[in-house]
Every structure is written in C-alpha cells, then in structure tokens.
Amino acid sequence: MRGGSSERLVVRSSRRRGDTRAKLTRYITVMLAALLGGGGSALLFLVPLYADPALSALAADFDPIPAECVTERRDDRLGLDNCTWASCREGCTSDAYKCIQLHVKYKAQAEDWRPAVLFVNIKGCGYPPQVNCENFTLSYGYVGARYPCFWSRADTTVVVPRWSRGEQVATVTRTLAIPLFLSGCAGIGLCALHCECRPRRRRRPPRRPPRLPTLTLDDTAVYRLA
C-alpha cells in the first residue's frame, strides 16, 4: 500500500510540474507574440511619419554651412492642379486644395545668388507640433524676409530653414532600430519555445572494425607447419 501511495504522489507532482510549465509557456508565448505584433505595428506607424522623411533628408545631402536666403515671391494658389507642391502643409497623406508656394534666392559662401523654393522640410509637409505652417508662413512668407537656410547638394533648387544631420540620424535610429530589435528578440524567443531552431547535427556513421585478412589453404598449411 505504501508503495502504491508513493507512486501516486510522484505522478501527481510530475503532473503539477507539467501543468505549471505549460501555463508558463503559454504566458511567455502570449507576451512574446504581443511584443512581436507591437513592434510590427510600430514600424508601420513610424516609418511613413518619421523614418521616411529623415531618410529623404539624409539623401538630399544638405550643406551643413547655412546660406543667406531672401524671399522673392509668394504665391497663394487654389485648386488641386495649381497645388502640385506647397512650401508647408500639415498632413502628408491628403491632397492640398489651398497652398502657399515660396520662391527664394540664396547665396552660399562666396558664390552668386541662386533661385530656389523654400520647404519646411524635405517633404514640404508634416504633423504638429513638429510642423506649424502658420508660424512658418509668418516667419518666411513675406517678400524681403532674410534668414539662414540650408541648400541641398543633391538638388540645388531646394532649401530648408532648419537642418541637423545628427537629429535625422537619431530619428532613424529611434524609429527603426528599436522596433526591429524588439521584434527580432520576440521572434527568436518564439522560435526557441516552439521550433527547432538549432541545426541538426549529422550523426557520424559508426566505425566498422577492421577486416581480418582471409586465409587461404596455403596459409593454413604454413601455420600448421609452424
């Protein structure tokens, strides 16, 4: 009787351990799946809003030395056909029916004056509080306004009033590196829990014992004589 009861206790304790491990595995799986989904959703949200403008600004290759800018003309336009571009627009997904286009000239160091168009950033659009078109127009949207600006070495007809390469690099790092890192860790954790991630080692074939030389009739006769 005692042997039977001890065996039952061992079976119950092993079952409890198995249930605890299963519950813990489910909990960790849910947490990792939520982290993986959150990282993917963050990428879908952050890439078009922050990462894409920052990468475009880095590709424009703005001169870090500010040039002297003067606003020469302001065009207030109406209609989708007339608003193919705008100096500042709050929101980047919808078409603009009313827009302001600022034409400027700038002088970089000892060079001559060059014509250009002024954008609030490389995309010409954004979202508050980073982009405030009312303040932008009040500061730069009147003829004769003078201010420092940065011109693009990839397209010399584009200038922006503010530029910082370190700020753009930091934006790309925050919006891409962190979600990718978290999603990668979550994916590795799920793989370790539910998949066979390690490559299977090939089993070496067993070594065969060396073959003994076969004896012929002549060899047996020699051994007998010896």
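Keep in mind that what you see is a predicted model, and the values were worked out from it rather than measured. (Residues numbered from 1 in each chain as written. Predicted model: local features only at pLDDT ≥ 70, side-chain atom pairs only at ≥ 80, totals over all residues. Heavy atoms only, no water.)

## Digging into the state of the cysteines
Covalent bonding between the sulfur atoms of two cysteines is what defines a disulfide.
Then comes step 1: This structure, assessed with the given rule, holds 4 disulfides.
Then comes step 2: Covalently, Cys83 is tied to Cys99 through a disulfide, its sulfur atoms 2.3 Å apart. Negative torsions about the S-S bond denote left-handed disulfides, and the value of about -90° found for Cys83 with Cys99 makes this one left-handed. Here Cys83 is found in the loop between strand 1 (67–78) and strand 2 (98–107), whereas its partner Cys99 is found in strand 2, with 16 residues between them in sequence.
Then comes step 3: Between the sulfur atoms of Cys88 and its disulfide partner Cys133 the distance amounts to 2.2 Å. Residues Cys88 and Cys133 share a disulfide whose torsion about the S-S bond is about -85°; that sign makes it left-handed. Of this pair, Cys88 sits in the loop between strand 1 and strand 2 while Cys133 sits in helix 2 (residues 133–140); the two residues are 45 residues apart in sequence, bridging distant segments of the chain. (Disulfide = S-S within 2.5 Å. Helix = DSSP H or I, 4+ residues; strand = E, 2+ residues; numbered from the N terminus.)

## Remarks on unusual backbone geometry
Then comes step 1: Looking along the chain, the bond that leaves Pro128 and enters Pro129 is cis, with omega of 0°.
Then comes step 2: Looking at the secondary structure, you find Pro129 in the loop between strand 3 (113–118) and helix 2.
Then comes step 3: With a phi close to 55°, Asp61 is a non-glycine residue in the positive phi region.
Then comes step 4: With respect to the element layout, Asp61 can be found in the loop between helix 1 (2–60) and strand 1.

## So, the UniProt feature "transmembrane region" (unreviewed entry) in the protein chain
Then comes step 1: The sites that carry the UniProt feature "transmembrane region" (unreviewed entry) are, in the present numbering, residues 24–51 and 176–195.
Then comes step 2: Taken as a whole, residues 24–51 contains 100% helix and 0% strand, while its terminal C-alpha atoms sit 37 Å from one another.
Then comes step 3: As annotated, residues 176–195 comprises 95% helix and 0% strand, and the C-alpha atoms at either end are separated by 27 Å. (UniProt positions renumbered as here; feature names shortened; annotations may be inferred.)

## Structural notes on the pairing of strand 3
Then comes step 1: Examined bridge by bridge, strand 2 and strand 3 share 5 bridges and lie antiparallel to one another. Paired with Val104 across the strands is Ala116, a residue of strand 3.
Then comes step 2: The turn joining strand 2 and strand 3, which pair antiparallel and follow one another in sequence, is formed by 5 residues; a positive phi near 55° is taken by Gln109.
Then comes step 3: In this sheet, strand 5 (residues 158–160) lies alongside strand 3 in parallel orientation, the contact comprising 2 bridges. Its bridge partner lying in strand 5, Leu118 is registered against Val159. (Pairing = 2+ DSSP bridges.)

## Looking at the pairing of strand 4 (residues 146–151)
Then comes step 1: By the bridge criterion, 4 bridges tie strand 1 to strand 4 in an arrangement that is antiparallel. Counted as the bridge partner of Val70 is Arg146 from strand 4.
Then comes step 2: Here 2 bridges tie strand 4 to strand 5, and the two strands are oriented antiparallel to one another. Paired with Trp151 across the strands is Val159, a residue of strand 5.
Then comes step 3: The hairpin formed by strand 4 and strand 5 contains 6 residues between the paired strands.

## Regarding the layout of surface pockets
Then comes step 1: Its boundaries defined by the atoms lining it, the largest pocket holds a volume of some 960 Å³.
Then comes step 2: In this structure, the largest pocket is lined by 35 residues; those nearest its centre are Asn121, Gln130, Val131, Arg162 and Gln168.
Then comes step 3: For the lining of the largest pocket, the secondary-structure elements that each account for two or more residues are helix 1, helix 2 and helix 3 (165–194).
Then comes step 4: Element by element, the count of residues in the lining of the largest pocket is highest for helix 1, at 7 residues.
Then comes step 5: Across the lining of the largest pocket, the residue classes break down as 19 nonpolar, 11 polar and 5 charged. (1 Å grid on protein atoms, 1.4 Å probe; cavity = no way out; pocket = protein on both sides within 12 Å on 5 of 7 lines; lining within 4 Å. Points joined across faces, edges and corners; volume = space filled by probe spheres on them. Nonpolar A, V, L, I, M, F, W, Y, C, P; charged D, E, K, R; others polar.)

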